[in-house]
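Structural overview
What follows is the residue order along each chain.
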Amino acid sequence: MGNELTVAVLGPGGVGGLLAALLSRAGHRVICLSGEETARTLRTEGIRVRSTPFGDFTAPVEADTQLREPVDACLVAVKHTTLDAALARVPATALADGLLVPFLNGVDHPAALRARYRPDRVAPAVIRVESTRVAPGVIEHGSPFAEIDLTGTAAPRPRLDTLAEALTAAGPATRVQDDETATLWAKMSFLAPFALLTTHRSLPLGEIRTRHRDELTALVEETAAISRACGGPADPAQSLARYDAFPPRTKSSMQRDAEAGRPLELDAIGGALLRAAERHGVSAPVTARVVGALEREHTFA
């Protein structure tokens, strides 16, 4: 690979749109994959970004409804609820030996993707950012940070390093992590209690950590125990300290989905957590109760 990469972005929403625009501005060739209407907008208007750390800018991108040629990497930035349908846009034959980089919540997706694409080219990533698509091709990046952990047990290290360097030069500080399991569980341990409880109680984080602190603590401790059993990190005190540092009005993306009547990533987060607990014989009664309540409240036909 030369200095300039060809990168496909499946799902040019809050995260995908931000990364697509930043990579394009840095001189890489970017092909966004989406529905026909969004693709038409992106082809004619590019992606407009409003961001405090990265500035306000418009970047040109190519756009299509399907990947039709090999790329260095395909970033997968759709929600778990639409993953299966979206992957139809990325035929394994077209991706060839390109990296497939899922920015998805949860821990079950790498195995599913490895069953469908070259297992040694699936390179899961975790991003810490708050970024929202306010209209097709219009992205508001609200957080003062954007950080990526890139991993992939069997992926060739030089390929990961090249992509990480390109992302870092384009904006988001990107580190390659050796331990895929630990990387995914570190995100899960932080995300799951926050997403499940803010959504279940329909309250922002500030009220969760004061009015429902016992429940939050129990969820954090159960999640840490499950993570430890799966080979991930377990530091309940650190998770609680991180929640305490967030602005009180903070909401989880699952909670925003619930408020908007969108399908929830409940299986990818709550379901995966309970499946892992069962596999390893870890007791998680509070998690089971909260996930069960959410399933009853938010069943989508």
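In short, a report on the structure. Going along each chain's sequence as written, the residues are numbered from 1 onward. The predicted origin of the model limits local features to residues at a pLDDT of at least 70 and limits the giving and counting of side-chain atom pairs to 80 or more, whereas totals for whole chains, interfaces and linings rest on all residues. The basis for every side-chain value is the complete set of non-hydrogen atoms in the structure, without hydrogens or water.

Quick look at the overall build of the chain
Here is the rule: Here a helix means four or more residues in a row that DSSP labels H or I, a strand means two or more in a row labelled E, and each is numbered from the N terminus. Within these notes, the globule rule equals 2.2 Å times the number of residues to the 0.38 power, and the radius of gyration is based on C-alpha atoms. What makes two residues a contact is simply this: any of their non-hydrogen atoms within 4.5 Å. Only the protein chains shown count as cover for residues, with accessible areas throughout obtained via the Shrake-Rupley method and a probe of 1.4 Å.
Check the secondary structure of the chain and you find 13 helices and 12 strands. For a compact globule of 301 residues, the expected C-alpha radius of gyration is about 19 Å, and the chain comes in at 19 Å, within 12% of that figure. Considering only intrachain contacts with a sequence separation of at least 6, the fraction spanning at least 24 residues in the chain is 70%. Accessible surface, the chain: about 13,000 Å² in total, of which carbon and sulfur atoms supply 50%.

Regarding the packing of helix α12 (residues 266–280) against helix α13 (residues 285–297)
Our working definition: Between the N-to-C directions of two axes lies an angle of 0 to 180 degrees, each axis being a line fitted to C-alpha atoms and, for a helix, fitted only over the stretch in contact. Handedness of each helix crossing follows the sense of rotation of the near helix against the far helix: counterclockwise by less than a right angle gives left-handed, clockwise gives right-handed. Each residue gets one of three labels, nonpolar for Ala, Val, Leu, Ile, Met, Phe, Trp, Tyr, Cys and Pro, charged for Asp, Glu, Lys and Arg, and polar for the others, Gly among them.
Running from N to C, α12 and α13 cross one another at 145°; their axes reach a closest spacing of 10 Å. Between α12 and α13 lies a crossing of left-handed hand. Across from L266, G270, L273 and L274 in α12, the residues of α13 making contact are T287, A288, V291, L294 and E295. Its residues assigned to classes, the contact of α12 with α13 comprises 6 nonpolar, 2 polar and 1 charged.

Things to note about the packing of aromatic side chains
Stated formally: Note on aromatic pairs: the rings of Phe, Tyr and Trp (six-membered ring only in Trp) are paired at centre separations within 6.5 Å, and the planes decide the class, stacked below 30 degrees, edge-to-face beyond 60, tilted for the rest. Buried residues are those whose accessible area, probed at 1.4 Å on protein chains only, stays under 20% of the maximum for their type, while exposed residues exceed 50% and partly exposed ones sit between those limits. A ring is scored as having a charge over it whenever the NZ atom of a lysine or the CZ atom of an arginine sits within 6 Å of its centre and within 35 degrees of its normal.
Across all of its chains, the model carries 4 aromatic pairs by this definition. Ring plane angle 40° and centroid distance 6.2 Å describe the contact between F190 and F194, whose orientation is recorded as tilted. Of this pair, F190 and F194 both sit in helix α7 (residues 180–201), separated by 4 residues, roughly a single helical turn. For the pair F190 and F194, one class covers both residues: buried. In textbook terms, an aromatic cluster arises when at least three aromatic residues are bridged by ring pairs, as seen for F190, F194, Y243 and F246. For the cation-ring pair, R25 lies above F57, with the distance from its terminal atom to the ring centre recorded as 3.9 Å. Here the basic side chain of R242 rests over the ring of F190, its NZ or CZ set 3.9 Å away from the ring centre.

Describing the pairing of strand β12 (residues 173–176)
On a regular strand, each side chain points to the face opposite its neighbour's, so the side chains alternate between the two faces of the sheet. The condition that has to hold: Whether two strands pair depends on DSSP finding at least two bridges between them. Handedness of a crossover: with both strands directed away from the viewer, a clockwise path from the first strand across the helix to the second marks it as right-handed.
In β12, alternate side chains face the same way, and those of T174 and V176 are buried while those of A173 and R175 on the opposite face are not. In this structure, strand β11 (residues 147–150) lies alongside β12, joined through 4 bridges in parallel fashion. By the bridge assignment, L150 is partnered in β12 with V176. Remark: the β11/helix α6 (residues 157–170)/β12 crossover connection has right-handed handedness.

Concerning the sheet that holds β12
The sheet built from 3 strands is open, its strands ordered β8-β11-β12 with mixed pairing. Looking at which strands have only one partner, the edges of the open sheet turn out to be β8 (125–128) and β12. Direction aside, the axes of adjacent strands within the sheet are offset by 15° on average.

Brief notes about the state of the cysteines
Condition: Disulfide assignment relies on a single distance test, namely cysteine sulfur atoms paired within 2.5 Å.
Under the definition given, this model contains 0 disulfides. Just so you know, C32 is unpaired, no disulfide at all, and the nearest cysteine sulfur is the one on C74, 10 Å from it. Classification of C32 by relative accessible area gives buried; the value is 0%. Residue classification places C74 among the buried residues on the basis of a relative accessible area of 0%.

That is the geometry; function is a separate question.
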